[in-house]
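What follows is the residue order along each chain.
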Amino acid sequence: MSEHDISVVVCVYTEDRWEDILAAVSSVAAQSLPALETLLVVDHNAALLERLTREYKETDGVRVLANAGPRGLSAGRNTGIGAARGGIIAFLDDDAVAERDWLRYFASGYDDPLVMAVGGRTVPIWASGRRPAWFPEEFDWVVGCTYRGLPPGRVQVRNVLGGNASFRRTAFDAAGGFATGIGRDGDKRPLGCEETELCIRLTRARPDAILLIDDRAVIHHRVPEAREHFAYFRTRAYAEGLSKALVARSVGADKGLESERRYTTRVLPAGVARGLRDAVLARPGGAGRAGAIVAGVLTAAGGYALGSIRARRGGATFSVVEIEVAPPPAADDEEAAA
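Residues numbered from 1 in each chain as written. Predicted model: local features only at pLDDT ≥ 70, side-chain atom pairs only at ≥ 80, totals over all residues. Heavy atoms only, no water.

1. Let's talk about the overall build of the protein chain
Inference 1: A count of helices and strands for the protein chain gives 11 helices and nine strands.
Inference 2: Looking at the protein chain as a whole, 51% of its 338 residues qualify as buried.
Inference 3: Across the protein chain, the fraction of contacts at a sequence separation of at least 24, relative to all contacts at a separation of at least 6, is 80%. (Helix = DSSP H or I, 4+ residues; strand = E, 2+ residues; numbered from the N terminus. Buried < 20%, exposed > 50% of the residue type's maximum accessible area, 1.4 Å probe, protein only. Contact = heavy atoms within 4.5 Å.)

This is the structure we're talking about:
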């Protein structure tokens, strides 16, 4: 087994995404660089766990696991990390499909032994068939996608984005796993930033570590109709502010908001200017995009302010756990899980 063997972890939580889950697994199976294994980690949903176990009982290289930690995406990822056998662990959202060379581009980034993480580019698939005219590309992170303002090509970054990312196994040995209590928990408030906190913690534990984004490692992420509306946009921006406050409290505002300063002082003003220009030229959605950027900034700032107060009072916390490595399955168990 090579240190470049890749385990793919897909965290799932609801039968409502059944077809999406099957499509995600199929996209991994179709990779030009085959994955060592695909791990489906089910987040405290017995019916889904049983259904997926039946579905993939006869499928080589697919294992179905129950989240061994508390409810939520971070604990599910940690369960996958603990069970994974590859030297590289990649994460794919359960409502996304990867392009054929996704893993190949990830793997090529690890030719440099200092590279500890490689992320990719996430493209939205809008339920309505096209981007809402008012929705600014600068805020595509609201729907879990790569946003306008990130540099193109293969570039070094502070953090990768968790739904389309990979890490060396040794990164988790150095820094621990994803923090619980900070990221998503099923359908509750759409918090985030768990990958940001992990990446900052990783570079503190390994100051020589290099983290990359390669925009050739592409996945296509489904955006449901409910997330195409301004109400979700506002809720997600507010939750991002809350999450950023937790991260800044943990790692310090200098590092925790390092990338955000450039984003708010350069990327977003340029986006507002483009929107206003489009409005003057009578192009559809220009004024809406400019207004959405301003509203998003103010809403996130409000969430950050409230989250900072809560963090100082000790009312919002998260915890980092060491990854417990699961023993490899016995031959009979492996046949049953495959």
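From this point, the discussion proceeds with the structure in view.
2. Quick word on the pairing of strand 6 (residues 115-126)
Inference 1: Among the 12 residues in strand 6, nine count as buried, and that is most of the element.
Inference 2: Bridge count for strand 6 against strand 9 (residues 210-223) is 10 bridges, and the pairing is parallel. For Trp126, the partnering residue across the bridge sits in strand 9 and is Val223.
Inference 3: Relative to strand 8 (residues 164-168), strand 6 runs antiparallel, the two being bridged by three bridges. What sits directly across from Ala117, in strand 8, is Phe167. (Pairing = 2+ DSSP bridges.)

3. Regarding unusual backbone geometry
Inference 1: Although it is not a glycine, His44 adopts a positive phi angle of roughly 55°.
Inference 2: Counting through the fold element by element, His44 comes out in the loop between strand 2 (37-42) and helix 2 (46-55).
Inference 3: Its identity is not glycine, yet Ala282 carries a phi of approximately 60°, on the positive side.
Inference 4: Positionally, Ala282 belongs in the loop between helix 9 (258-280) and helix 10 (286-312).
Inference 5: When its relative accessible area of 66% is taken as the criterion, Ala282 is described as exposed.

4. Some remarks on the environment of Gly109
Inference 1: With respect to the element layout, Gly109 can be found in helix 4 (residues 102-109).
Inference 2: For Gly109, the residues in contact, after removing those within four places along its chain, are Val115, Val118, Arg154 and Leu212.

5. Details of the environment of Leu49
Inference 1: Structurally, Leu49 is set in helix 2.
Inference 2: Spatially, the C-alpha atoms of Leu49 and Val12 are 9.3 Å apart, while their sequence positions differ by 37 residues.
Inference 3: In this structure, Leu49 is in contact with Val42, Val64, Leu65 and Ala66, ignoring residues within four places of it in sequence.

6. Structural notes on helix 3 (residues 73-83)
Inference 1: Most of helix 3 sits inside the fold, with 10 of its 11 residues counted as buried.
Inference 2: Here helix 3 has its buried residues at Ser74, Ala75, Gly76, Arg77, Asn78, Thr79, Gly80, Ile81, Gly82 and Ala83.

7. Some remarks on the nonpolar core
Inference 1: Grouped together as the largest cluster of nonpolar side chains are 33 residues, with contacts concentrated most on Val8, Val12, Leu40, Leu52, Tyr56, Leu92 and Trp102.
Inference 2: For this core, the leading source of residues is helix 1 (residues 18-29), giving six residues.
Inference 3: If sequence neighbours within four positions are ignored, Trp102 has contacts with Val8, Val28, Gln31, Ala90, Phe91, Leu92, Asn164, Ala217, Val218 and Ile219.
Inference 4: The next biggest cluster of nonpolar side chains, apart from the first, holds 28 residues, and it includes Val9, Val41, Phe91 and Phe167. (Core = buried A, V, L, I, M, F, W, Y, C linked by side-chain atoms within 4.5 Å.)

8. As for the packing of aromatic side chains
Inference 1: Taken as a whole and judged by the stated rule, the model has 16 aromatic pairs.
Inference 2: Between Phe139 and Trp141 the ring centres are 5.3 Å apart and the planes differ by 35°, which places this aromatic pair in the tilted class. No difference in accessibility class separates Phe139 from Trp141, as the two residues are buried.
Inference 3: Here the aromatic rings of Phe167 and Phe172 are separated by 5.3 Å at their centres, their planes lie at 50°, and the arrangement is tilted.
Inference 4: Residue Phe167 is classed as buried on the basis of its relative accessible area of 1%.
Inference 5: Judged by its relative accessible area of 3%, Phe172 is buried.
Inference 6: Positioned over the ring face of Trp18 is Arg51, at 3.8 Å from the centre of the ring.
Inference 7: Sitting over the face of the ring of Phe178, Arg77 holds its NZ or CZ atom 5.0 Å from the ring centroid. (Phe/Tyr/Trp six-rings, centres within 6.5 Å; stacked < 30°, edge-to-face > 60°. Lys NZ or Arg CZ within 6 Å of the ring centre and 35° of its normal.)

9. Concerning the packing of helix 1 against helix 2
Inference 1: At a minimum axis distance of 13 Å, the contact between helix 1 and helix 2 shows a crossing angle of 40°. Here helix 1 lies oblique to helix 2, going by the angle between them. The crossing of helix 1 and helix 2 is right-handed. On the side of helix 1, the interface is formed by Trp18, Ile21 and Leu22, while helix 2 contributes Leu48, Arg51, Leu52 and Glu55.
Inference 2: Looking at the contact of helix 1 with helix 2, its residues break down into five nonpolar, no polar and two charged. (Axes fitted to C-alpha atoms, helices over the stretch in contact; angles between N-to-C directions. Parallel < 35°, antiparallel > 145°, perpendicular 65-115°, else oblique. Left-handed = near helix turned anticlockwise from the far one by under 90°. Nonpolar A, V, L, I, M, F, W, Y, C, P; charged D, E, K, R; others polar.)

10. A few points about the pairing of strand 3 (residues 62-66)
Inference 1: Burial analysis of strand 3 places four of its five residues in the buried class, which makes it a mostly covered element.
Inference 2: Sheet topology note: the strand 2/strand 3 ladder contains five bridges and is parallel. Across the sheet, the residue bridging to Val42 is Ala66, located in strand 3.
Inference 3: Regarding topology, helix 2 serves as the crossover connection from strand 2 to the parallel strand 3, and that connection is right-handed. (Right-handed = clockwise from strand over helix to strand, strands pointing away.)

11. Notes on the pattern of salt bridges
Pairing is possible between side chains of opposite charge, provided their charged atoms come close.
Inference 1: In this structure the tally under the stated criterion is 21 salt bridges.
Inference 2: Its salt-bridge partner being Arg277, residue Asp278 comes within 3.7 Å of it at the nearest N-O pair.
Inference 3: Linked through salt bridges whose partners overlap, the residues forming this network are Arg277, Asp278, Arg283 and Arg289. (Salt bridge = Lys/Arg side-chain N within 4 Å of Asp/Glu carboxyl O.)

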